[in-house]
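This is what each chain is made of:
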Amino acid sequence: MTRGSGVLLVLLSLSSALRAHNGDLTARETCKAGFSEEDYTALISQNILEGEKVLKVTFSSCLGTQGTQYETNNVDFKVGADGTVFAARELRIPSEQVAFTVTARDRRTAKRWDAVVRLLVAQTAHSGHKTGKKSAALDPSPPPSDTLMPWPQLPSASGLRRQKRDWVIPPINVPENSRGPFPQQLVRIRSDKDNDIPIRYSVTGVGADQPPMEVFSIDSMSGRMYVTRPMDREERASYHLRAHAVDMNGNKVENPIDLYIYVIDMNDNRPEFINQVYNGSVDEGSKPGTYVMTVTANDADDSTTANGMVRYRIVTQTPQSPSQNMFTINSETGDIVTVAAGLDREKVQQYTVIVQATDMEGNLNYGLSNTATAIITVTDVNDNPPEFTASTYAGEVPENRVETVVANLTVMDRDQPHSPNWNAVYRIISGDPSGHFSIRTDPVTNEGMVTVVKAVDYELNRAFMLTVMVSNQAPLASGIQMSFQSTAGVTISVVDINEAPYFPSNHKLVRLEEGVPTGTVLTTFSAVDPDRFMQQAVRYSKLSDPANWLHINATNGQISTAAVLDRESLYIRNNVYEATFLAADNGVPPASGTGTLQIYLIDTNDNAPELLPKEAQICEKPGLNAINITAADADVDPNVGPYVFELPFVPASVRKNWTITRLNGDYAQLSLRILYLEAGVYDVPVIVTDSGNPPLSNSSIIKVKVCPCDDNGDCTTVGAVAAAGLGTGAIVAILICIVILLTMVLLFVMWMKRREKERHTKQLLIDPEDDVRDNILKYDEEGGGEEDQDYDLSQLQQPEAMEHALSKAPGVRRVDERPVGAEPQYPVRPVVPHPGDIGDFINEGLRAADNDPTAPPYDSLLVFDYEGSGSTAGSVSSLNSSSSGDQDYDYLNDWGPRFKKLADMYGGGEED
């Protein structure tokens, strides 16, 4: 902009240093990863050498500086691992400021944070061209020492003014926690034009007219700027304000200038540990220098100053065994490592270390401190081999027992219980080549349970000498050797028990022919007693003999027949008969065993063949059909077919009338020999002979029905009856009986039809005028005796005309009158009713009466003037209604239309 010819003088001075606030601020309890400031500003010279440090950014990752990588988007500057920003090469800054972004990246999570760095170039005022007028340096009236000219300019000789660059105001430093008094003056801003015109000054920005509001204020007339309250660098480390100069009309007199205010850090925050208690672990026997854990403390003060530089040290260690300095800590990183040997979990399982963090680079005289607890657990390694508590163990086991624990082996292991370093594993090294035993580990006591997995026999092995070794699930630590006490001997004695006798050949098979005589010796079925060292006797008995055919000698087991063995018996399955025998000794306690004897019976020809079929039919004339016959034999081959079929010679009529023709070894045909044989049933004997050795014959009778046949060779109906043995007269008699029975049934049906018709057309037995069923008899008068002649009976009579009722005033009506309305249409009874219609007629009349609102009883109270005297009946006034307001009469609706009036009277009262 164009400035006046007068020289603008701007002087900037700081007021006297603010007294530092000596109070401590509340320590922060939480850690939040990120830069300490979002915007860093530094004042630099225009010329910068390579490697020259510019400023230092502070970044907290809550886990120390490890794993954090810095980078910038400006190739002229780089950031060191500690956050120091330096020049990458020799530079000359051509502009008033340089701004770029510094990025911090977490290598593990790839998360990134950004902060802006502004570098302000400090410059001096340039002299204008000498045009014969005074310059700023030649001003005869120098400004006072507390004022600086922020808007410099020089006039030209021709009246044209060349604009000069504004001064870059150095940052204003304000110490935090100042005790006042407030407001305190920071700087005075003044334009030289205020000598000519009144000027009003103002400041804008965060802390002035933006939240936090009114931290800074300015006297609009004098230009003096003040701070109104104590500053807190941890709340906000810097402020960027803009100063404005306008005339009384609000017109801009000078360009706005930038003011940077930095809060000077004071050591008012203690270091705060991220956790109050840290847990770490280290293996026992670890070498010195082994890493244990890292503790981290953050200080809210400026980390680029001693106020925020934290150092660590170990205060105490508990217990102090085997040395009082078992651990050390890196004073800068907080890494705790072992410094001495001798960690032994079996002696000390846990250490408690108090760690102190102090700022001011660890100066205990000036720095603020805080402490945290580090609990270091000594983890177990397998440095103690398991050892048997005894060198030998003993046990005993009964023979033939399995899954029995015979001995418990106890061991001692000083490692951590119920861990792989403590859990024992047992192995049998020698003494059990057949694998009779195994050793299982008790998960609670760690004992070894010697268990029988394969039955032992006293007669084979009376004792076992086992060698057992024990080890851990986890291998021993490096340099640790197995102990000689990790091996032990186990002696197991086998106890002899009474074993049951057994049959060496079970099942035993014997082959013989059926039909051997009773008492025949079949075999000797003897058992063996395994107890060789016991003198015991064995006795035999039958356990199962279904047909009771066998006998066994109780002493030697000899088996003989007690009955004839029949292969065709029901007790035989596939020619085999099976029996079970028992062998018992006399030991204590007695023992027994069973054996099965199978007898295979060889067939003999002891069953004659039987003729099949037993009945047949044939035509009375030969040539039309024949009867196929065969035989059944209970025996088996070769004692069955081929069969021989023949007719006997006696009686002679058999061979005269019949003949047999052989078809094959098992079948033959029986047919008529003569040309005609009278219909009837004939018993034809046939002799059947099998092919056994010797052969057996059997004479069987076949019943043959001879009947007349049709052209197809099938017996006719009459012929079948005739063949059944009935003559012609019998057949005629049967037919006549059938005809008579059918006639009687027909007559009975016709009689029932006629009776039904007469029932529908028959009239009632009484005259319709005298029929009083479902009729209403109306009488004009009810005449009485002498006692009631004095009363007006017309009151009980029905009105003769409707006009009498209609002429009454509305609402006036006798309570015993019938309601006026249309008369219902009752069904008309037929003149000649049928008896079957009486029920329908009654139902229709009841239905009409139920739906008739004028039908009695009327919904009213009937009042009688006089009931007479001397009545033997009691008064009905004593009958009280049991109903109440809570009575529910809705069930009357379920009783049908005949109770509809009662339902309307009692059920609907509340609705009305």
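Figured I'd write up the structure that's included with this text. (Residues numbered from 1 in each chain as written. Predicted model: local features only at pLDDT ≥ 70, side-chain atom pairs only at ≥ 80, totals over all residues. Heavy atoms only, no water.)

**Focus on the overall build of the protein**
Looking only at helices and strands, the protein features six helices and 53 strands. Per-residue burial for the protein yields a buried fraction of 35% across its 912 residues. A fraction of 67% describes how many contacts in the protein between residues 6 or more apart in sequence connect residues 24 or more apart. Of the roughly 54,000 Å² of accessible surface on the protein, 52% is carried by carbon and sulfur atoms. (Helix = DSSP H or I, 4+ residues; strand = E, 2+ residues; numbered from the N terminus. Buried < 20%, exposed > 50% of the residue type's maximum accessible area, 1.4 Å probe, protein only. Contact = heavy atoms within 4.5 Å. Areas by Shrake-Rupley, 256 points an atom, 1.4 Å probe, with all protein chains shown as cover.)

**Topic: the sheet that holds strand β26 (residues 327–329)**
Strand pairing in a sheet relies on backbone hydrogen bonds, with the paired strands running either antiparallel or parallel. With antiparallel pairing, three strands are arranged side by side in an open sheet as β23-β27-β26. Across the chains shown, the open sheet's two edge strands, defined by having one partner strand only, are β23 (291–294) and β26. Strand-to-strand, the axes of this sheet are offset by a mean angle of 25°, without reference to chain direction. Both β23 and strand β27 (residues 335–338) contribute to a ladder of three bridges, which runs antiparallel. Bridged to Thr294 within β27 is Asp335. (Pairing = 2+ DSSP bridges. Axes fitted to C-alpha atoms, helices over the stretch in contact; angles between N-to-C directions.)

**Side note on the state of the cysteines**
One pass over the structure, following the stated rule, counts two disulfides. A sulfur-sulfur distance of 1.8 Å marks the disulfide that ties Cys619 to Cys709. Judged by the sign of its S-S torsion, about -105°, the cystine formed by Cys619 and Cys709 is left-handed. Of the two residues, Cys619 sits in strand β47 (residues 615–619) while Cys709 sits in the loop between β53 (697–707) and α2 (717–723), which places them 90 residues apart along the sequence. Each member of the pair, Cys619 as well as Cys709, carries the same accessibility label: buried. Here Cys707 is linked by a disulfide to Cys715, with a sulfur-sulfur distance of 1.5 Å. According to the relative accessible area criterion, Cys707 is buried, its value standing at 1%. (Disulfide = S-S within 2.5 Å.)

**Some points on the sheet that holds strand β50 (residues 658–662)**
In space, the four strands of this open sheet follow the order β46-β48-β51-β50, with antiparallel pairing throughout. Bordering the open sheet on either side are β46 (610–612) and β50, each of which pairs with just one other strand. When the angles between neighbouring strand axes are averaged without regard to direction, this sheet yields 30°. Looking at chain direction, β50 and strand β51 (residues 668–672) are connected through five bridges and run antiparallel.

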